Structures are given as structure tokens and as C-alpha cells.
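Structural overview for review
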Amino acid sequence: IGSILLDRLQPTTKTVVNKLGEVGGPFRTYQMGLLAGEDNYFVHVVEHGVSLYFDLRKVYWCTRLEGERTYMLKNEFQSNQIIADAFCGC
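Residues numbered from 1 in each chain as written. Predicted model: local features only at pLDDT ≥ 70, side-chain atom pairs only at ≥ 80, totals over all residues. Heavy atoms only, no water.

Remarks on the packing of aromatic side chains
- Counting across every chain of the model gives 1 aromatic pair.
- Ring geometry for Phe-54 and Trp-61: centres 5.1 Å apart, planes at 35°, overall tilted.
- Judged by its relative accessible area of 12%, Phe-54 is buried.
- Trp-61 gets classed as buried once you look at its relative accessible area, which sits at 19%.
- The lysine or arginine in question, Lys-19, covers the ring of Tyr-30, its NZ or CZ lying 5.3 Å from the ring centre. (Phe/Tyr/Trp six-rings, centres within 6.5 Å; stacked < 30°, edge-to-face > 60°. Buried < 20%, exposed > 50% of the residue type's maximum accessible area, 1.4 Å probe, protein only. Lys NZ or Arg CZ within 6 Å of the ring centre and 35° of its normal.)

Side note on a nonpolar patch on the surface
- Residues Ile-1, Leu-5 and Leu-9 make up a contiguous nonpolar surface patch of about 310 Å² in total accessible area.
- Here Leu-9 lies in helix H1 (residues 2-9). (Patch = residues over 30% accessible without salt bridge, like charges linked within 9 Å, V, L, I, M, F, W, Y side chains within 5 Å. Areas by Shrake-Rupley, 256 points an atom, 1.4 Å probe, with all protein chains shown as cover. Salt bridge = Lys/Arg side-chain N within 4 Å of Asp/Glu carboxyl O. Helix = DSSP H or I, 4+ residues; strand = E, 2+ residues; numbered from the N terminus.)

Note that every value here comes from positions in space, so none of it alone points to a role or purpose.
If you want it as C-alpha cells, here you go:
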């Protein structure tokens, strides 16, 4: 499965992982297993012109929350504003 996904998503995707277990811990992370590709968990995501760089092993990321992030960008955040997420972990 991992090799098939990697073939279809290249060149933008270089690593395919499988989520193992439940989300937990202070940063809401989860164990993952490498299915295919590079043993590299550093991610670059671009949503609505905003570039995000993070280590997938160290932060919680859910693509299904893209709608909420879009809403916040369009309706809540202002230019040059500093944003802090009080619920992002310790």
C-alpha cells in the first residue's frame, strides 16, 4: 500500500507512514511506522499561501482540520498579528 501511494503522490510526497495506536501525550502525537520512502518525518505543508514546516513525530497534525484553519485565516486573524494556541500542548 505504501509503495502504491508513494508512486501516485511523487514527486511531492517522499514518505508514507502508518499511524499506530492512539493520539496521546502532552503534544497529542502518535506512534507511526514507515510504510515506504525516506525515513524522514519533516513536513512542508502549504495551505492558502501559508507555509508550515514541522516534524510530524513531534506535533499533532490533522488534514481534516483544514476547514477550521481556513475559517480562522479568513475571519479571525489579522495582518501582523501574533497568534498563540493555548491548547497546542505543553
